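Chain by chain, the residues run as shown.
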Amino acid sequence: MAPVLTIADLKEMHRRHTPKMFFDYADSGSYTEGTYRENETAFSAIKLRQRVARNIDNRSVASTILGKPATMPVYLAPVGLTGMQWADGEIKAARAAEKFGVPFTLSTMSICSIEDVAAHTEKPFWFQLYVMRDRGFAADLIARAKAAGCSALVLTLDLQILGQRHKDLRNGLSAPPKMTPQVISDLMMHPSWCMKMLGTKRRQFGNIVGHVKGVDDMSSLSDWTASQFDPTLDWSSIDWVRKHWDGPLILKGVGDVDDARIAADTGADAITVSNHGGRQLDGAPASIHMLPEIAEAVGDKIEIHMDGGIRSGQDVVKAMALGAHATSIGRAFVHGLGAMGEAGVTRALEIIRREMDITMALCGETDINALGAHNVWGGVPRSAPVVNTDNERALHAVGA
Ligand code: FNR
C-alpha cells in the first residue's frame, strides 16, 4: 500500500471507503463552491520567507488555546453528521484528539450525543451550539453540555439560514440514508462502511432525537431542523447565551472586520474567523484573506481563531504568521476519520504537526507562537481590491 503522507492521501481513501452521499456532504460548498475552493487556493498564493543559518535545534509547536496547553495550535472544528463518515465517528475523533492533546468540538448536529461522547472520553471536550427558535431546547443543550463537563461553548453565528449545497439535494442526503435504488447501489459498493454502521446503534442526530417531542424519525427531524434554526438571532442573543453559560465562549463565523469589532466587545473569549468552510455565503472571501485585517483590528482584545481551507501544516504556519492564535480543521480530520477511523484522525493530526514543525524550522523559527508578519514574503497580503462598478473598473484600468 502506498504510504499515507498527506491530507490529500487521506481524502482519496475517504472517497473510496464512504458512500457518495456522505463523502459529498463533506466535500461540498454552497452554490458554485467558489468560496470553498478559494479557502484552499488562497493559502498557496501566500509565500513564506526562507531564512537560513539560524540555530533551529530546539523547536516547539506547543501552544495554549483559551489559556489551556495544547500540543499544537490546532483543534477539531464542529462537523455535523461525523458519525456517518465512520461508525461512532464523533467518539472516535474525540478520542484521537484527547490522546493527541488538542480540543475536540462536538456539533449540535452530531450523530453521537453529548452524553455518549462524555461517557467514552476522559477529558472535557467543547460543544458547538446552533441557537434554535425553541430557546427552551437551546437552553437545555447548554445545560446538557455543562452537565457533561464541556469546557468551552462554540456559538456558531453564520448559519441562521442554511446555505444551499447542490450535491446534498441531488444525493437526497439524510441520516440514516433513505433506501432509494440509487442509495442501495451506492451502499453495496461500500460493504465495510455498511458492516460498521450495522454494528452501531448511533445513526441519527443524537442530541435531538429523543430530546424533542414529536421528533422521532428522519422526516419529522429534517422538517424540525429546517424550521428551527433561528433567523432572529442577533448580537443581543449573546447576552441570552451568557445567562445560561458562564464558561469560555467562542463566537464562530466572524467574517468581517465590523462584526469582529462588535464581537470583541461582547465579552466572549475568542472569535473564529470563518466562512463555515465555504458552505454558507458563496462569494465570501477566503478565511485567510479576512484574517489579517480582523487580527489587526481586534487581536489585542480577543483571542483570534481561524478556519477554512487548512490542509497542511504549512497552512497553519501561514495562519499563525497572519495573526491567528489558533486554527481549527474540519475536512482535514474528517478525511482522516473516513479513511481509517480513529487512527486516521490521529494520522491527520500527526501529518499537520510534522509539516508545521519542518516548515517553521525552514522559516528559521523555533517557536510556533513567535511567528508573525516577518515570516511572510512580500508582507502581509491585504484583501483583494474590491471593484464594485463598471466605473471603478474603468478607473482601475487607467491606473487611477
Ligand atoms: C461543517 N461546519 C460546521 N460548523 C458548525 O459550527 N457546526 C456544524 O455542525 C458544522 N458542520 C459541518 C459539516 C461539514 C461536513 C463541514 C465540512 C463543515 C464548519 C466547520 O466547523 C468549519 O468551519 C469548516 O469545516 C472549516 O473549513 P475546512 O477546514 O473544512 O476547510
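The residue numbering used here restarts from 1 in each chain and proceeds along that chain's sequence as written. The predicted nature of this model means local features are confined to residues of pLDDT at least 70 and side-chain atom pairs, given and counted, to a pLDDT of 80 or more, with totals for whole chains, interfaces and linings taken over all residues. To obtain the side-chain values, all non-hydrogen atoms of the structure were included, while hydrogens and water were left out.

## Details of the site of the ligand
At step 1: The local shell around the ligand holds 22 residues, among which P78, S107, T156, D307 and G309 are the closest.
At step 2: The separation between an oxygen atom of the ligand and a polar main-chain atom of P78 is 2.7 Å.
At step 3: One of the side-chain N or O atoms of D307 is found 2.7 Å from an oxygen atom in the ligand.
At step 4: In the complex, the protein chains occlude 99% of the 590 Å² of accessible area that the ligand would expose alone. Working definition: residue near molecule or strand if any one of its non-hydrogen atoms lies within 4 Å of it. Side-chain atoms alone can form a polar contact between residues adjacent in sequence; in general such a contact is a pair of N or O atoms within 3.5 Å, and within protein one must be able to donate a hydrogen while the other accepts it. The method behind every accessible area is Shrake-Rupley, applied with a 1.4 Å probe, and residues are considered shielded solely by the protein chains displayed.

## Details of the packing of aromatic side chains
At step 1: Stacked, tilted and edge-to-face are the three classes assigned to paired rings of Phe, Tyr and Trp, where Trp is represented by its six-membered ring and a pair needs centres within 6.5 Å; plane angles under 30 degrees give stacked, over 60 edge-to-face, the rest tilted. Tallied over the entire structure, the rule returns three aromatic pairs.
At step 2: With centroids separated by 5.7 Å and ring planes inclined at 20°, the aromatic side chains of F22 and W193 adopt a geometry described as stacked. Residue F22 is found in helix 2 (residues 20-26), and its partner W193 is found in helix 9 (residues 191-198); the two are separated by 171 residues along the sequence.
At step 3: Aromatic pair Y130 and F229: ring centres 4.9 Å apart, planes at 80°, arrangement edge-to-face. Of this pair, Y130 sits in the loop between strand 5 (126-129) and helix 6 (135-147) while F229 sits in the loop between helix 10 (218-228) and helix 11 (237-244); the two residues are 99 residues apart in sequence, bridging distant segments of the chain.
At step 4: Judged by its relative accessible area of 9%, Y130 falls in the buried class.
At step 5: Here, over-ring charges are defined by two tests on the NZ atom of lysine or the CZ atom of arginine: distance to the ring centre within 6 Å, and angle to the ring normal within 35 degrees. The aromatic ring of W240 is capped on one face by R135, whose charged end is 4.9 Å from the ring centroid.
At step 6: Directly above the aromatic system of W86 lies the positively charged group of K196, at a separation of 4.2 Å from the ring centroid. We count a stretch as a helix when DSSP gives it H or I for four or more residues in a row; a strand needs E for two or more, and each element gets its number in order from the N terminus. Think of it in three bands: with a 1.4 Å probe and only protein chains considered, a residue is buried below 20% of the maximum accessible area for its type, exposed above 50%, and partly exposed in between.

## Quick look at the sheet that holds strand 7 (residues 249-254)
Whether parallel or antiparallel, the strands of a sheet pair through hydrogen bonds between backbone atoms.
At step 1: Should DSSP find at least two bridges between two strands, the strands are regarded as paired. With respect to topology, eight strands assemble into an open sheet ordered 3-10-9-8-7-6-5-4, the strand pairing being parallel. The sheet is open, and its two borders are formed by strand 3 (74-76) and strand 4 (105-106), each paired with just one other strand.
At step 2: Looking at chain direction, strand 9 (residues 303-307) and strand 10 (residues 326-329) are connected through three bridges and run parallel. By the bridge assignment, H305 is partnered in strand 10 with A326.

## Comments concerning the side chain of T108
At step 1: Examined against the element boundaries, T108 turns out to sit in the loop between strand 4 and helix 5 (114-119).
At step 2: Residue contacts are defined here by distance: any two heavy atoms, one from each residue, within 4.5 Å place the two residues in contact. In contact with T108, not counting residues within four places along its chain, are F127, Q128, L129, Y130, M132, L141, N207 and I208.

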